[in-house]
Amino acid sequence: GAVVSQHPSWVICKSGTSVKIECRSLDFQATTMFWYRQFPKQSLMLMATSNEGSKATYEQGVEKDKFLINHASLTLSTLTVTSAHPEDSSFYICSARDQGTAQYFGPGTRLTVT
Amino acid sequence: GENVEQHPSTLSVQEGDSAVIKCTYSDSASNYFPWYKQELGKGPQLIIDIRSNVGEKKDQRIAVTLNKTAKHFSLHITETQPEDSAVYFCAARRGSGAGSYQLTFGKGTKLSVIP
């Protein structure tokens with residue numbers, strides 16, 4: 001099956017610093033990539049959708065200047081959390097959609113801001 | 001927009017028994033319905049999906065049924081095993097128009113298979 005990787009799997013950073021998370025589709029070209037945030041024992045919350053070479057579309061309430069998304073190629077998207085604060089601590093999951101209809105998720109990145 | 005309701009929120013079954021999780025959706029334009037399994041600390045894994053032109057799909061011990069008229073779809077797991085224990089999410093996506101690229105998720109069902 002299609003594989004989506006994320007790096008890093010977990011990261012601890014200090015308040016005020018920025019953190020970049022990478023998402024790659026390993027064996028397929030992703031026409032669209034998605035970034036989700038998940039709080040403990042809750043469902044996935046869509047943050048933004050990006051198409052290769054285009055600006056990301058952010059969901060209502062998600063600060064685009066804080067969560068920078070770059071979809072540089074058909075296999076790579078990055079999420080940068082800028083000036084991170086403790087409330088940004090969460091589980092971030094990327095997802096990629098192939099040429100068809102299926103959508104595959106990465107393993108997630110646990111971000112802890114101290 | 002689309003709204004997906006999922007029941008039950010928790011489900012405990014004895015090993016070897018069957019488990020059924022049900023979801024309803026609101027948008028009649030939705031035509032793609034995947035199911036995901038999420039283990040603790042990991043990303044969701046696509047386990048099965050169904051399109052609106054099909055009423056049932058089966059893959060070994062897992063099956064999904066879809067009733068378009070009633071706008072509900074269900075996941076059936078037979079001969080459950082302890083490794084089936086996880087949180088399962090249903091989702092729905094419309095085929096065209098606004099939001100056609102977005103999955104709307106249910107709130108999840110925590111399945112526990114008791115050995």
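Just above, that's the structure.
Summarised in this report is the structure supplied together with it. Everything numeric in this text was worked out from a predicted model, so none of it was measured.

What follows is about the overall build of chain A. When you go through chain A residue by residue, the secondary structure sums to zero helices and 11 strands. Traced from its N-terminal end to its C-terminal end, chain A shows the element sequence β-β-β-β-β-β-β-β-β-β-β. Taken against the 2.2 N^0.38 rule, which gives 13 Å for 114 residues, the C-alpha radius of gyration of chain A at 13 Å falls within 12% of a compact globule. Seen along its three principal axes, the alpha-carbon backbone of chain A occupies a region of about 40 × 25 × 20 Å. Here chain A holds 114 residues, and 51% of them are scored as buried. Considering only contacts within chain A whose residues lie at least 6 apart along the sequence, 54% involve residues at least 24 apart. With the model as given, the accessible surface of chain A reaches about 5,500 Å², and the carbon-plus-sulfur share is 51%. The positive charge centre, built from 10 side chains, and the negative charge centre, built from 9, are 5 Å apart in chain A.

Turning to the sheet that holds strand β3 (residues 19-25) of chain A, a few remarks are in order. Residue and element names in this part refer to chain A. The four strands are arranged β1-β3-β8-β7 in an open sheet whose pairing can be described as antiparallel. Because the sheet does not close on itself, it has two edges, and the strands there are β1 (4-7) and β7 (67-73). For this sheet, the mean inter-axis angle between neighbouring strands, taken without regard to orientation, is 15°.

As a further point, take the environment of B:Val113. All names here are of chain B. Mapped onto the secondary structure, Val113 falls in strand β11 (residues 109-114). Between the C-alpha atoms of Val113 and Gly16, which are 97 residues apart in sequence, the distance is 8.6 Å. If we ignore the near neighbours within four places in the chain, the residues touching Val113 are Val13, Gln14, Glu15, Thr80, Gln81, Pro82, Asp84 and Ser85.

A few words now on the packing of aromatic side chains. Per the counting criterion, the structure on display carries 13 aromatic pairs over all chains. Taken together, a centroid distance of 5.9 Å and an interplanar angle of 65° make the contact between A:Phe105 and B:Phe105 edge-to-face. Linking A:Phe105 in strand β10 (residues 103-105) with B:Phe105 in strand β10 (residues 104-105), this pair reaches from one chain into another. For B:Phe105, a relative accessible area of 11% translates into the label buried. Pairing B:Tyr25 with B:Phe33 gives two aromatic rings, centres 4.7 Å apart and planes at 45°, and the pair type is tilted.

Bringing the environment of A:Lys20 into the picture now. All names here are of chain A. Considering the arrangement of structural elements, one finds Lys20 in strand β3. Among the residues examined, Lys20 registers a relative accessible area of 52% and is labelled exposed. Not counting residues within four places of it along the chain, the set of residues in contact with Lys20 comprises His7, Pro8, Thr78, Leu79 and Thr80.

For the structure on display, the rule yields two disulfides over all chains. A sulfur-sulfur distance of 2.0 Å marks the disulfide that ties A:Cys23 to A:Cys94. Where A:Cys23 bonds to A:Cys94 through sulfur, the torsion about that S-S bond is close to 75°, and the disulfide is right-handed. Taken together, the positions of A:Cys23 in strand β3 and A:Cys94 in strand β9 (residues 90-97) put the pair 71 residues apart, joining distant regions of the chain. No difference in accessibility class separates A:Cys23 from A:Cys94, as the two residues are buried. Here B:Cys23 connects covalently by a disulfide to B:Cys90, the sulfurs 1.9 Å from one another. On the S-S bond that ties B:Cys23 to B:Cys90, the torsion sits near -100°, and the link is left-handed. You can see B:Cys23 sitting in strand β3 (residues 19-25) and its partner B:Cys90 sitting in strand β9 (residues 86-94), a full 67 residues away along the chain. Both residues of the pair, B:Cys23 and B:Cys90, belong to the buried class.

Looking now at the pattern of salt bridges. When charged atoms on two side chains of opposite charge get close, those side chains can pair. All names here are of chain B. Considering all chains together, one arrives at eight salt bridges over all chains under this definition. Put simply, Arg51 and Asp49 hold a salt bridge, and the shortest N to O gap is 4.0 Å. Relative accessible area serves as the criterion here: at 34%, Arg51 is assigned to the partly exposed category. A relative accessible area of 9% places Asp49 in the buried class. With a shortest N-O distance of 2.9 Å, Lys57 and Asp49 are connected by a salt bridge. The partly exposed category is assigned to Lys57, whose relative accessible area is 33%. Linked by salt bridges that have partners in common, Lys37, Glu39 and Lys42 make up one network.

What counts, and at which threshold
- Residues numbered from 1 in each chain as written.
- Chains lettered and ligands numbered in written order.
- Predicted model: local features only at pLDDT ≥ 70, side-chain atom pairs only at ≥ 80, totals over all residues.
- Heavy atoms only, no water.
- Helix = DSSP H or I, 4+ residues; strand = E, 2+ residues; numbered from the N terminus.
- Rg over C-alpha atoms; globule rule 2.2 N^0.38 Å.
- Buried < 20%, exposed > 50% of the residue type's maximum accessible area, 1.4 Å probe, protein only.
- Contact = heavy atoms within 4.5 Å.
- Areas by Shrake-Rupley, 256 points an atom, 1.4 Å probe, with all protein chains shown as cover.
- Lys, Arg positive; Asp, Glu negative; His and termini not counted.
- Charge placed at Lys NZ, Arg CZ, Asp CG, Glu CD.
- Pairing = 2+ DSSP bridges.
- Axes fitted to C-alpha atoms, helices over the stretch in contact; angles between N-to-C directions.
- Phe/Tyr/Trp six-rings, centres within 6.5 Å; stacked < 30°, edge-to-face > 60°.
- Disulfide = S-S within 2.5 Å.
- Salt bridge = Lys/Arg side-chain N within 4 Å of Asp/Glu carboxyl O.

The analysis is restricted to geometry; functional conclusions fall outside its scope.
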